[in-house]
Amino acid sequence: SPKNKQKLKRTWETDVTNSLAFNMEKQPLPSDISHTTESEIDASAGEDHQEGSSEATRAGWNSKLEYFLAQVGFSVGLGNVWRFPYLCHQNGGGAFLLLYVVLMLVVGIPLFFLELAAGQAIRQGSIGVWRFISPRLAGIGYSSCVVCFFVALYYNVILSWSIFYLGNSFQYPLPWEQCPKQGNITAAEMECEKSSPTSYFWYRKALDITDSIDETGSFNPYMVCCLLAAWTIVCLGMFKGIKTSVKVMYFSSIFPYVVLFCFLVRGLLLDGASEGITYMFYPKLEIWADVQVWRQAATQVFFALGLGFGSVIAYSSYNPKNNNCHRDAFTVSSINFLTSVLATLVVFAVLGFRAKEKVTQCISRNLQKVAVVLSAGEIDSSLGPVFDLSDLSSVAVEDYNAWFNQHGSSFPGNITECDLEKEMQTGAEGTGLAFIAFTEAMSLLPGSPFWSALFFLMLLNLGLSTMFGTMEGILAPLSDRFKTLANNKTKLTIFSCVAGFLLGLPFTQRCGNYFVTMFDDYSATLPLIIVVVFETFSVSWLYGADRFLDDIEVMLGWRPSVIYKYLWKYICLFAMLGLLGATTIRMFIKHPTYMAWNVEEATEKRLNYPGWALALLTLLIIFATMPVPVALV
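Basis of the calculations
Residues numbered from 1 in each chain as written. Predicted model: local features only at pLDDT ≥ 70, side-chain atom pairs only at ≥ 80, totals over all residues. Heavy atoms only, no water. Salt bridge = Lys/Arg side-chain N within 4 Å of Asp/Glu carboxyl O. Helix = DSSP H or I, 4+ residues; strand = E, 2+ residues; numbered from the N terminus. Buried < 20%, exposed > 50% of the residue type's maximum accessible area, 1.4 Å probe, protein only. 1 Å grid on protein atoms, 1.4 Å probe; cavity = no way out; pocket = protein on both sides within 12 Å on 5 of 7 lines; lining within 4 Å. Points joined across faces, edges and corners; volume = space filled by probe spheres on them. Contact = heavy atoms within 4.5 Å. Pairing = 2+ DSSP bridges. Phe/Tyr/Trp six-rings, centres within 6.5 Å; stacked < 30°, edge-to-face > 60°. Lys NZ or Arg CZ within 6 Å of the ring centre and 35° of its normal. Disulfide = S-S within 2.5 Å. Polar contact = N/O pair within 3.5 Å; in protein donor to acceptor, adjacent residues only side chain to side chain. UniProt positions renumbered as here; feature names shortened; annotations may be inferred.

Asker: Give a detailed account of the pattern of salt bridges, specifying residues and quantitative values.
Answerer: Tallying each qualifying case throughout the model produces eleven salt bridges. In this structure, Lys356 and Asp271 form a salt bridge, with 3.3 Å as the shortest nitrogen-oxygen distance. Within this pair, whereas Lys356 is found in helix H18 (residues 325–375), its partner Asp271 is found in the loop between helix H14 (255–268) and helix H15 (273–281), the two being separated by 85 residues in sequence. The exposure class assigned to Lys356 is buried, which follows from its relative accessible area of 16%. Note that Glu553 is salt-bridged to Arg559, the shortest N-O span being 3.2 Å. Taking relative accessible area as the criterion, Arg559 reaches 35% and is therefore assigned partly exposed. One continuous salt-bridge network, built from bridges that share partners, spans Glu191, Arg204, Asp208 and Arg510.

Written out as structure tokens, the structure is:
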């Protein structure tokens, strides 16, 4: 009818203006749309309906809150808890924080905004977005999917460790509070005596680890079961796409903040918390002259925002086209940064308490030796400490170290320095922080099982939110690209989780921890940087930064600042190229190494990766980056 045709004509006008905004072969719009015949409108509308049917039926967020929970849940992960605090402490404290903020503003947020805008405008996963711009760029999306799958393989293993510790937290006393006995005798295990109860439980009970990556060992049945449980939870959470995963994220994204605030309040009340936070935030501006510090800060910004994974694009593709993604970029980035600072305060308050306890014990042991030496008259009493040896608990750390630096070398016996900062650095990174240092600190708290269960439940939820985003970075692009997969998305989800479990089984071997470290350090870093370099170059130079800003203006109704044009074309691109060069050079100059557990000495030792491991690393990097050049040819 004429009425329906008029309505269809208005729809066609809107589609021509908006939906083709990202085509590399953009055609000029007709100068006078009113001269278009009704038959042309009918034909065009039929084509639009056929090509856009997937978009019309595409799922969407029920509310803006759901979107924020998903985006924040993906970007805020385990790295905020155990990687950022370590980097901040090792690289100048407050000076590193300032450097991080600068890099986040000039590199992180602009690239994050780029991915958000691209996904929201085209309403496709990473493969569809870059293929829509140009078919030759589709390889960028495929590389993102491959990297997401690599990350999912080892990331879920970390979740299985959290499940194992969570299950063991419902005991009193905690199984890692004291060394076990040798069989039926009263002597403790020597490996535990040489190290610590928490280290022994982690390396011997949880992992039952081998001495090197060359010794594969058998499968750890406990970890196999925990890995199965982790993949089952992920599969159930992703069963119906974002409709089910967002329901889980209402808990998994919010609960960690509740736990962090509980730990912050409890941690600030502990003896040694102020010392820990002071060590963390004390600024050392000289670190700005170190290129490696810039590399580490840029890498942390890069991974904290989840750039290159395709998950940011996938989540934003479920937004309406008029959503203010510019504001979202600043909001999510700010929440991510503040979460890192909050986690850092918690970690170093608790680590300060742990370090103070260990230093106090160290001083007590040494002064008891000093008292024995002085009472035996083996040395001049004038060299002895001026403080009261009858009340060792009242001796300040500064007083003891001042005396030790002056007279410690003159005393016979093994009198050692008791350094608070060295104690804080012990196990303050990665799995060592979560499963050794932080676990040991919690065992010293009253009601330790409660705090332990709370902590590992928090780690589990942090990991789940990130896993949902990582899996969405795989499932959404494949479903958008292949109609058969889109029609069987539930089966695709189940198949992906089953494949992830089976391929993740090697990580549950006794040497599995070494493979997790290898994948975490090398399998994703270089490929993701390459992906983001091509993303930035494609939008800012091939497609054109001005055209991209034009499209955003059509989508949002206002034009972002022209500064983004220069950030994308020059600052971000050259920063990512610099990060790529620094990472590559470092891999060639410094032989890749890993920390291995030596059973005889009951301590960690740094070993070089063997030749076959380096070959595997090379294959992983090549396999992840190969789709980009293959699609360009």
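Asker: Could you give me a rundown of empty space enclosed by the protein, with the residues and numbers involved?
Answerer: Any space left empty among the atoms is revealed by the rolling of a water-sized probe across them. Taken as a whole and assessed by the stated rule, the structure comprises four cavities of 30 Å³ or more. As a volume, the largest cavity reaches approximately 60 Å³. In terms of lining residues, the largest cavity is bounded by Val72, Gly73, Val76, Ser252, Ser253, Pro256, Tyr257, Leu462 and Ser465. Within the residue set of the lining of the largest cavity, elements represented by two or more residues are helix H4 (64–75), H14 and helix H22 (448–481).

Asker: Tell me about the environment of Asn91, residues and numbers included.
Answerer: By the element assignment, Asn91 lies in the loop between helix H6 (84–90) and helix H7 (94–122). The spatial distance from the C-alpha of Asn91 to the C-alpha of Lys284 is 7.8 Å, given a sequence separation of 193 residues. Ignoring anything within four residues of it in the chain, the contact list for Asn91 reads Phe96, Ile287, Val293 and Gln296.

Asker: Outline the pairing of strand E2 (residues 603–608), supporting the account with residue identities and numerical values.
Answerer: Across a regular strand the side chains alternate sides, sitting on one face of the sheet and then on the other. Here strand E1 (residues 593–598) runs beside E2; their pairing, made up of six bridges, is antiparallel. Across the sheet, the residue bridging to Asn598 is Thr603, located in E2.

Asker: Can you tell me about the packing of aromatic side chains, naming the residues and giving the values?
Answerer: With the rule as written, the count across this model stands at 48 aromatic pairs. Arranged with centres 5.1 Å apart and planes meeting at 80°, the rings of Phe84 and Tyr100 form a pair that is edge-to-face. One end of the pair, Phe84, is in helix H6; the other, Tyr100, is in helix H7, with 16 residues separating them in the sequence. You can call Tyr100 buried: its relative accessible area is 1%. Ring geometry for Phe263 and Phe438: centres 5.7 Å apart, planes at 65°, overall edge-to-face. Taken together, the residues Phe263 in helix H14 and Phe438 in helix H21 (residues 430–443) connect sequence positions 175 residues apart. Owing to a relative accessible area of 2%, Phe438 belongs among the buried residues under this scheme. It is Arg481 that lies over the ring of Phe482; its NZ or CZ is 5.3 Å from the centre. It is Lys569 that lies over the ring of Trp541; its NZ or CZ is 4.3 Å from the centre.

Asker: Give a description of the state of the cysteines that names residues and reports values.
Answerer: Covalent bonding between the sulfur atoms of two cysteines is what defines a disulfide. As enumerated under the stated definition, the model contains two disulfides in all. There is a disulfide in this structure between Cys179 and Cys192, and the S-S distance comes to 1.9 Å. Note on the Cys179 and Cys192 pair: the S-S dihedral is about -80°, so by sign convention the disulfide is left-handed. Taken as a pair, Cys179 in the loop between helix H9 (138–168) and helix H10 (190–194) and Cys192 in helix H10 lie far apart in primary sequence, 13 residues in all. Like Cys192, Cys179 is buried. The disulfide pattern of the protein is 1-2, 3-4 when the bonded cysteines are numbered in sequence order. In this structure Cys497 is not part of a disulfide, and its nearest cysteine sulfur, from Cys235, lies 4.0 Å away. Owing to a relative accessible area of 4%, Cys497 belongs among the buried residues under this scheme.

Asker: Before we move on, could you go through the side chain of Ser540 and cite the residues and values that matter?
Answerer: Relative to the helices and strands, Ser540 resides in helix H26 (residues 525–556). Judged by its relative accessible area of 2%, Ser540 falls in the buried class. Here Thr536 takes part through its backbone oxygen, which lies 2.5 Å from a polar atom of the side chain of Ser540.

Asker: Break down unusual backbone geometry for me, with residues and values.
Answerer: Here the amide bond leading from Tyr172 into Pro173 is cis, since omega sits at 0°, within 30 degrees of zero. Residue position: Pro173 is located in the loop between H9 and H10. For Asp208, which is not glycine, the phi torsion reads 50° and is therefore positive. Mapped onto the elements of the fold, Asp208 is located in the loop between helix H11 (197–206) and helix H12 (221–237).

Asker: Which residues make up the UniProt feature "binding site: Na(+)" (unreviewed entry) in the protein, and what values do they have?
Answerer: UniProt records the feature "binding site: Na(+)" (unreviewed entry) for Gly73, Val76, Asn80, Asn336 and Leu462 in the present numbering. Maximum C-alpha separation among the annotated residues is 12.5 Å over a sequence range of 390 residues, consistent with a single clustered spot. From the list above, the largest cavity is lined by Gly73, Val76 and Leu462. With respect to the helices and strands, Asn80 occurs in helix H5 (residues 78–82). If we ignore the near neighbours within four places in the chain, the residues touching Asn80 are Ser75, Pro85, Asn336, Ser340 and Ala343. Here Leu462 is to be found in helix H22. Beyond its immediate stretch of four places on either side in the chain, Leu462 contacts Gly73, Val76, Gly77, Leu78, Val81, Ser252 and Pro256.

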